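Chain residues, written in single-letter form:
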Amino acid sequence: MKLYQDNNANLNVVTGYGDDHVMVNKVRHDGNLILTASQIRTGWAPEARGDLAALRAEDLAAVTELGPEIVIIGTGRRQRFPAPALLRPLIEARIGFELMDLPAACRTYNILVGEGRSVAVALLFEAAA
């Protein structure tokens, strides 16, 4: 028996994840992507596959075009930080952001989207070892 109301029927939510993929509404997606409540953009930041140093300001500018109030950047197995200059598109657009490891980013995104917040999660997957 469910003890809570499921209001996420028409929203994109993370239903699973691993080091090289994420499940959105039980559908597997491999590779870097941007996820919002209503959109899935695959092929995001292709040069940055497994290499945070290869992330470009243009990659983050693409996230701002979706108009979120908050951006969560999932940086793989562990929390990592890009060069501060790369975050300029988010700062200039006055969009709040947080960098987290992938599992924390997925969980936080689900909570915020469930609250009806305007949130985007940008997920960077690490290259296979």
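Up top is the structure these notes are about.
Parameters at a glance
Residues numbered from 1 in each chain as written. Predicted model: local features only at pLDDT ≥ 70, side-chain atom pairs only at ≥ 80, totals over all residues. Heavy atoms only, no water. Helix = DSSP H or I, 4+ residues; strand = E, 2+ residues; numbered from the N terminus. Buried < 20%, exposed > 50% of the residue type's maximum accessible area, 1.4 Å probe, protein only. Contact = heavy atoms within 4.5 Å. Pairing = 2+ DSSP bridges. Axes fitted to C-alpha atoms, helices over the stretch in contact; angles between N-to-C directions. Core = buried A, V, L, I, M, F, W, Y, C linked by side-chain atoms within 4.5 Å.

A.B. asks: Pulling in residues and values, what's your account of the side chain of Asn32?
C.D. replies: Along the chain, Asn32 turns up in the loop between strand S3 (27-30) and strand S4 (33-36). Given a relative accessible area of 5%, Asn32 falls into the buried group. Every residue in contact with Asn32, bar those within four places of it in the chain, is listed here: Arg41, Thr42, Gly43, Trp44, Ala45, Ala48, Arg49, Leu123, Leu124 and Phe125.

A.B. asks: Would you mind going over the sheet that holds strand S7 (residues 96-100) in detail, with residue names and values included?
C.D. replies: Taking strand neighbours across the sheet as the criterion, the five strands line up as S5-S4-S8-S6-S7 in an open arrangement whose pairing is mixed. The two strands at the open ends of the sheet, each matched to only one other strand, are strand S5 (40-42) and S7. Each strand of the sheet is rotated relative to its neighbour by a mean of 15 degrees, with strand direction disregarded. Pairing geometry for strand S6 (residues 70-74) and strand S8 (residues 119-123), over five bridges, is parallel.

A.B. asks: So what's going on with the nonpolar core? Which residues, and what values?
C.D. replies: Ranked by size, the top nonpolar core spans 20 residues in total, and within it Val22, Leu35, Ile72, Tyr109, Val119, Val121 and Leu123 carry the most contacts. Among the elements of the structure, strand S2 (21-24), S4, S6, helix H3 (102-114) and S8 are those that each provide at least two residues to this core. Counting residues per element, this core draws most heavily on H3, at seven residues. Among all residues touching Val121, those that are not within four sequence positions of it are Leu33, Ile34, Leu35, Ile72, Ala105 and Tyr109. Grouped together as the second largest cluster of nonpolar side chains are 19 residues, Ala48, Leu52, Ile73 and Ala120 included.

A.B. asks: Got a sec to walk through the environment of Ile40? Specific residues and values, please.
C.D. replies: Relative to the helices and strands, Ile40 resides in strand S5. What makes Ile40 partly exposed here is its relative accessible area of 33%. With 80 residues separating them along the chain, Ile40 and Ala120 place their C-alpha atoms 9.8 Å apart. Contacts of Ile40, omitting those with residues within four sequence positions, involve Asn12, Val24, His29, Ile34 and Leu35.

A.B. asks: Go over the sheet that holds strand S1 (residues 14-18) with me, naming the residues and quoting the values.
C.D. replies: Taken together, the three strands give an open sheet; going across it, the order is S1-S2-S3, and neighbouring strands pair in antiparallel fashion. At either margin of the open sheet sits one strand with a lone partner, and together these are S1 and S3. Each adjacent strand pair in this sheet contributes to an overall mean axis angle of 20 degrees, direction not counted. Where S1 lies against S2, four bridges are found, and the strand directions are antiparallel. Bridging from a neighbouring strand, Tyr17 pairs with Val22 of S2. Most of the contacts of H3 go to S1, to which it runs at about 175 degrees, and overall it touches S1 and S2.

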